[in-house]
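Listed below, chain by chain, are the residues.
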Amino acid sequence: MSAEANEGLSRRGFLAISAAALGGVMLAPGIRLIEIAAARAPDQPASKQVRWGLLIDTNKCEPGCDDCVTACATENGIKQTGHPRTDSQWIRKVELKDMRSGRVHSAPVMCQHCAEPPCVEVCPTGASFKRADGIVLVDRHICIGCRYCMMACPYKARSFVAQELTDQNPDVPRGKGCVEGCTLCVHRVDRDEQPACVEACTKAGHNAMIFGDLNDPQSEIAQRVAKYASTQIRADLRLDPGVHYQGL
Amino acid sequence: MSLRGLLRFAACLALALPALAFASGRTPKPDIIIANPGHCVEPTEIMRRNHPQMLLHQRDLTVHEGIRTTKYSLKNCVQCHASKTTGSVLGEKGFCQSCHAYAGVKLDCFECHASKAKLVAGGTP
Ligand code: SF4
Ligand code: SF4
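Residues numbered from 1 in each chain as written. Chains lettered and ligands numbered in written order. Predicted model: local features only at pLDDT ≥ 70, side-chain atom pairs only at ≥ 80, totals over all residues. Heavy atoms only, no water.

Colleague: Before we move on, can you summarise the overall build of chain A with the specific residues and values?
Modeller: Looking only at helices and strands, chain A has 8 helices and 9 strands in total. Intrachain contacts of chain A at a sequence separation of at least 6 include 60% that bridge at least 24 residues. With an accessible surface of roughly 12,600 Å², chain A has 55% of that area assigned to carbon and sulfur atoms. (Helix = DSSP H or I, 4+ residues; strand = E, 2+ residues; numbered from the N terminus. Contact = heavy atoms within 4.5 Å. Areas by Shrake-Rupley, 256 points an atom, 1.4 Å probe, with all protein chains shown as cover.)

Colleague: I'd like to hear about the packing of aromatic side chains, residue by residue, with values.
Modeller: All names here are of chain A. Evaluation of the coordinates by the stated rule reveals 1 aromatic pair over all chains. Between the aromatic rings of Trp 52 and Phe 211, the centroid separation amounts to 4.9 Å while the plane-to-plane angle is 20°, which identifies the pairing as stacked. Residue Trp 52 is located in strand β1 (residues 52-57), and its partner Phe 211 is located in strand β8 (residues 209-213); the two are separated by 159 residues in the primary sequence. A single burial state applies to Trp 52 and to Phe 211, both of which are buried. (Phe/Tyr/Trp six-rings, centres within 6.5 Å; stacked < 30°, edge-to-face > 60°. Buried < 20%, exposed > 50% of the residue type's maximum accessible area, 1.4 Å probe, protein only.)

Colleague: Pulling in residues and values, what's your account of the environment of Leu 137 of chain A?
Modeller: All names here are of chain A. Mapped onto the elements of the fold, Leu 137 is located in strand β5 (residues 136-138). With relative accessibility at 6%, the residue Leu 137 sits in the buried group. Distance in space between the C-alpha atoms of Leu 137 and Asp 98 is 34 Å, their sequence separation being 39 residues.

Colleague: Now, about the pattern of salt bridges: what can you tell me, with residues and values included?
Modeller: Residue and element names in this part refer to chain A. As enumerated under the stated definition, the model contains 20 salt bridges over all chains in all. In this structure, Arg 174 and Glu 180 form a salt bridge, with 2.7 Å as the shortest nitrogen-oxygen distance. Glu 180 shares its class with Arg 174; the two are buried. Residue Asp 236 is joined to Arg 234 by a salt bridge in which the shortest nitrogen-to-oxygen separation is 2.9 Å. (Salt bridge = Lys/Arg side-chain N within 4 Å of Asp/Glu carboxyl O.)

Colleague: If you had to explain the sheet that holds β1 of chain A to someone new, which residues and values would you point to?
Modeller: Residues and elements named next belong to chain A. Spatially, β8-β1-β9 is the arrangement adopted by the 3 strands of the open sheet, whose pairing is mixed. A strand with exactly one partner marks an edge of an open sheet, and here the two such strands are β8 and β9 (243-246). Going from strand to strand, the sheet's axes swing by 20° on average, the running direction of each strand aside. Taken together, the 5 bridges between β1 and β8 define a ladder with antiparallel strand orientation. Residue Gly 53 lies in a different strand from β8, and its bridge partner there is Gly 212. (Pairing = 2+ DSSP bridges. Axes fitted to C-alpha atoms, helices over the stretch in contact; angles between N-to-C directions.)

Colleague: How would you sum up the interface of chain B and chain A? Please name residues and give values.
Modeller: Each partner contributes to the interface: chain B provides 23 residues, whereas chain A provides 29 residues. Considering only the side of chain B, the residues that lose the most area to chain A are His 64, Arg 68 and Cys 112 of chain B, jointly responsible for 26% of the buried surface there. Counting the contacts that link chain B with chain A gives 2 salt bridges. For Asp 190 of chain A, the salt bridge is made with Arg 68 of chain B, and the minimal N-O distance between the two is 2.6 Å. The tally of links from chain B across to chain A stands at 10 residue pairs in polar contact (both at pLDDT 80 or more). At the level of elements, α2 (44-65) and α3 (74-81) of chain B are the ones that each hand at least two residues to the side of chain B that touches chain A. (Buried area = accessible area lost by both parts, 1.4 Å probe. Polar contact = N/O pair within 3.5 Å; in protein donor to acceptor, adjacent residues only side chain to side chain.)

Here is the structure:
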């Protein structure tokens, strides 16, 4: 373990140093504060300058493909328990058909990481919370499994773990009696990686999902949101989801 | 673990240690196998008394703020303390379970957290 850990630490140490160096020349052209926040050292907290989000292009999303769902299950250790009605579902594929034109398109739907999350508002214990960078999570140490948040979420994005679990992924602790939902792969995001679904979609060549910082005007996601028409699901609820859709 | 649990644990140790020195044959003691002795992040006495507080503190920092330093992370504890034969900190002679069973302190971390070391190198805990 020690060799690995040291290697990880020194890489991160380097990131911290380079971030500090960038901070020093912050006023130089082209160097942005946001960049410093994104390449975050492990001892730095999540930054509120960042707003993580997803942009999903339904025109590119292949009907019938569920690579993102499979990747999510593998990454987060979600297994079928033989109870399909209560099994956890962090991400699902939704197929849409326009009855008049017959156009079929599909899109993955997961926790929309609302800026004004009702799940957080109703939670009686404070277990449901929004991190500084916009990722909405459940602190399972605090969750009492009352499921209020499941009722409050308009996107049906949360699940309750009803079975005892074993062999969890060390990065993704999960267990019976708590509510859970998409974490935007927060453990990967914290080490500067993309969520597993996005990675899988890109790998399969569909490129229907992009992940990034909506607050950073230079990021691909912010530029695409600024340039092309995109919507949020049930934008009328004014929860300001971090997940945007193109072509819905 | 609650403060009460911790006190009980400390009391058990305090009672057990002198007894062990004199009557090792008659007093049961925890049968712990330490996989990598001498590499802990703090001295043994500090770890024995304070590991619950360390984990509690780290857990809040990690879950709520995204601070993922490895020194006091549970994942790192498991990675180092998992038995070389079973790969786990649980089981009869497992590092965590043997002592918790001895002290009679409930150990529920591993209802959610992985109790086994990750074989392939992942990221930081
Ligand atoms: S989609 Fe549902 S679970 Fe996710 S933040 Fe919004 S209300 Fe909460
Ligand atoms: S189930 Fe857990 S996270 Fe959801 S409202 Fe209840 S305590 Fe909060």
